[in-house]
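Residue-level structural notes
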Amino acid sequence: MSQPAVLQLRQELRKCFQSLKENQTVWKGVLEECTPLVSSLRNLAEQLRALKSVEIANTPLCTFPNLPERLQHKLLNAVDTVLGELSEKVDALGSVRDSVSKQVSAVFQMYEQNSDSLPISTCVARSALSPSIADMLEWLQDAERFYRIQYIQRRNLLQQLKPDDLALIETVTKTWTSLYSHKGEEQISGALLQVSFFMESD
Amino acid sequence: MDDATTPGRKGNLTGSARKVKDNAADWHNLILKWERLSDEGSSIATKIVNFRLSKDRSVKDPEVMMEGQISSAAPEERRAYHSNPELEEECTKLQNIVDKMAHILSKMEKMVSSEKGICELETFQYGENGRPTPLFHTWSTKQFAEVSSGLYEAYKQELALKSTILQEVAHTTNPDLCMVYLSCWLYQPYIQDNTKLLLESLLMETGYRAV
């Protein structure tokens, strides 16, 4: 009985890594698209701060009626637009998370259902071409956790924002950049490298 | 003249309707041109500000160091401070942009006065209440004149703002004020959303946009 279960599980693992690979590309792309948005958000916050710190009445602009209010209105509108776009991007990150979670939990479910016919020795066995089932399951779980936590952190960050709180916008844009985890991304790429032969084999 | 009262029949508009419709198209084109110039000017203004700010920094730094070292660096910096052909060139470019915008504004002004003229003509032809049926869909001729002058006022104020920025931007050392100049230039505070709405309604009324 054990042979078909192992084959089936390995097939499912292959599928899961394939989808992880695709999702990783999507994730990276979405994060890249966020970079200009975050920097324009920071820039807008700077403009709003400059506007607040300048006494328009003491400048050559003093003759223009309601200038600070009008400019502020325009800048806040722009902040709104950027936040809207950013929130769409975070939604896209959310669907990457969903897709990875779904795939990974399907693999685990299959593993649990067949755990009787998958002795430890089979699970930890590895070869030159294929990492062990246990390792692969662990990598998948790590990847799933990485996307889950990254998504929640970024979503929370955006939810904290209020357009009239300049200091907050400035901190949030900094935090956004610092959330980027080189290590986390590397780990996923590393896992994908390690399974590359496994994915090509049948 | 009756043809003119039928909306949607292109090509055979005459008289006031022809003029009003042409003006609407001109509004659209002039505003597009304006936006292009404004974008172009925005990047030039940013360059000017960066010049100013970085120059300030580079002039201040050697001055701090000058106490220890007397020699070569300082005079060079001085010269850079007194005349900077690159900065001047950018200022000239910005001046050109503002001049072009002023030209656009003068065209806008002509349209406003021509529409005022059309209104006066109608008062003369039909009396105080104007023509019995609208030129296009629903607007009275007076409304066209009002929209035109509303748009004109917004752009007039904006040009005044941009001219002020042009005069001041290269002479300001306060980085915050520089930033405010740049945001004013870019975000055009006197062109509000309702300005765009006015333009769109004008285009819709005259049949350029589908209702």
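This text goes with the structure placed above it.
Described in the following lines is the structure provided in the data block.

The rules behind each value
Residues numbered from 1 in each chain as written. Chains lettered and ligands numbered in written order. Predicted model: local features only at pLDDT ≥ 70, side-chain atom pairs only at ≥ 80, totals over all residues. Heavy atoms only, no water. Helix = DSSP H or I, 4+ residues; strand = E, 2+ residues; numbered from the N terminus. Contact = heavy atoms within 4.5 Å. Areas by Shrake-Rupley, 256 points an atom, 1.4 Å probe, with all protein chains shown as cover. Phe/Tyr/Trp six-rings, centres within 6.5 Å; stacked < 30°, edge-to-face > 60°. Buried < 20%, exposed > 50% of the residue type's maximum accessible area, 1.4 Å probe, protein only. Patch = residues over 30% accessible without salt bridge, like charges linked within 9 Å, V, L, I, M, F, W, Y side chains within 5 Å. Salt bridge = Lys/Arg side-chain N within 4 Å of Asp/Glu carboxyl O. Lys, Arg positive; Asp, Glu negative; His and termini not counted. Charge placed at Lys NZ, Arg CZ, Asp CG, Glu CD. Disulfide = S-S within 2.5 Å. Core = buried A, V, L, I, M, F, W, Y, C linked by side-chain atoms within 4.5 Å. Axes fitted to C-alpha atoms, helices over the stretch in contact; angles between N-to-C directions. Left-handed = near helix turned anticlockwise from the far one by under 90°. Nonpolar A, V, L, I, M, F, W, Y, C, P; charged D, E, K, R; others polar. Buried area = accessible area lost by both parts, 1.4 Å probe. Polar contact = N/O pair within 3.5 Å; in protein donor to acceptor, adjacent residues only side chain to side chain.

Right, let's talk about the overall build of chain B for a bit. If you tally the helices and strands in chain B, you get six helices and zero strands. In chain B, 82% of the contacts between residues at least 6 apart in sequence involve partners at least 24 apart. Per element, the accessible surface of chain B, about 11,600 Å² overall, is 54% carbon and sulfur.

Our focus in this paragraph is the packing of aromatic side chains. Residues and elements named next belong to chain A. Summed over the entire model, instances satisfying the criterion amount to seven aromatic pairs over all chains. With centroids separated by 4.6 Å and ring planes inclined at 55 degrees, the aromatic side chains of Trp-27 and Tyr-147 adopt a geometry described as tilted. One end of the pair, Trp-27, is in helix α1 (residues 2-53); the other, Tyr-147, is in helix α4 (residues 133-160), and 120 residues separate them in sequence. Look at Tyr-147 and you get buried, because its relative accessible area is 1%.

On to a positive patch on the surface, then. Residues and elements named next belong to chain B. A cluster of like positive charges, contributed by Lys-33, Arg-36, Lys-107 and Lys-110, occupies part of the molecular surface. Only α1 (15-66) and α3 (85-126) provide two or more residues apiece to the positive patch. Within the secondary structure, Lys-107 sits in helix α3. Classification of Lys-107 as partly exposed rests on a relative accessible area of 34%.

Bringing the state of the cysteines into the picture now. According to the stated counting rule, one finds zero disulfides over all chains in the structure shown. The thiol of Cys16(A) is not disulfide-bonded; the next cysteine sulfur, from Cys123(A), is found 16 Å away. A residue is classified by how much of its surface remains accessible, and Cys16(A), at 1% relative accessible area, is buried. Left without a disulfide partner, Cys184(B) is nearest to the cysteine sulfur of Cys178(B), which lies 12 Å away. Here Cys184(B) falls in the buried class, since its relative accessible area comes to 0%.

In this structure, Leu13(A), Phe17(A), Leu20(A), Leu61(A), Trp27(B), Met108(B) and Val180(B) are the most contacted members of the largest nonpolar core, which totals 118 residues. The greatest single-element share of this core, amounting to 18 residues, is contributed by α1(A). Apart from residues no more than four positions distant in its own chain, Val180(B) is found in contact with Ala50(A), Leu51(A), Val54(A), Ile56(A), Leu61(A) and Leu71(A).

Our next topic: the pattern of salt bridges. Scanning all chains against the criterion turns up 15 salt bridges over all chains. Between Arg97(A) and Asp98(A) there is a salt bridge, and its shortest N-O distance comes to 2.7 Å. Judged by its relative accessible area of 41%, Asp98(A) falls in the partly exposed class. Residue Glu144(A) pairs with Arg148(A) through a salt bridge whose shortest N-O separation is 3.2 Å. Of this pair, Glu144(A) and Arg148(A) are both found in helix α4, four residues apart, which corresponds to roughly one turn of the helix. Connected through salt bridges with shared partners, the residues Arg49(A), Glu170(A) and Asp176(B) form a single ionic network.

On to the packing of helix α4 (residues 141-168) of chain B against helix α6 (residues 193-205) of chain B, then. All names here are of chain B. Between α4 and α6, whose axes approach to 10 Å, the crossing angle comes to 145 degrees. Crossing angle aside, the handedness with which α4 passes α6 is left-handed. Together, Phe-144, Val-147, Leu-151, Ala-154 and Tyr-155 of α4 and Thr-195, Leu-198, Leu-199, Leu-202 and Glu-205 of α6 make up the contact between the two elements. Of the residues belonging to the contact of α4 with α6, the class tally is eight nonpolar, one polar and one charged.

All names here are of chain B. Remark: α4 packs on helix α5 (residues 175-187), axes separated minimally by 10 Å, with the N-to-C direction vectors making an angle of 145 degrees. The element α4 and its partner α5 pack so that their crossing is left-handed. Facing α4, whose interface residues are Glu-158, Leu-161, Lys-162, Ile-165 and Glu-168, α5 presents Tyr-181, Cys-184 and Trp-185. Classifying every residue of the contact of α4 with α5 by side-chain character gives five nonpolar, no polar and three charged.

Right, let's talk about the interface of chain A and chain B for a bit. Contact residues are listed per partner, giving 22 residues for chain A and 20 residues for chain B. Around 1,900 Å² of area is buried between chain A and chain B when both sides are counted, 68% of it from carbon and sulfur atoms. For the chain A face of the interface with chain B, the top three residues by lost area are Phe64(A), Arg70(A) and Lys74(A), together amounting to 31%. The interface formed by chain A and chain B holds one salt bridge in total. A salt bridge links Asp176(B) to Arg49(A); the shortest N-O distance between them is 3.9 Å. There are seven residue pairs in polar contact (both at pLDDT 80 or more) connecting chain A and chain B. Every element with two or more residues in the side of chain A that touches chain B is listed here: α1 and α2 (67-113) of chain A. Per element, the largest residue contribution to the side of chain A that touches chain B is eight residues, and it comes from α2(A).

With that out of the way, let us pick up the side chain of Thr195(B). All names here are of chain B. Looking at the element boundaries, Thr-195 is found in helix α6. A residue is classified by how much of its surface remains accessible, and Thr-195, at 6% relative accessible area, is buried. Not counting the four nearest positions on each side in its chain, Thr-195 is found in contact with Leu-151, Ala-154, Tyr-155 and Tyr-190.

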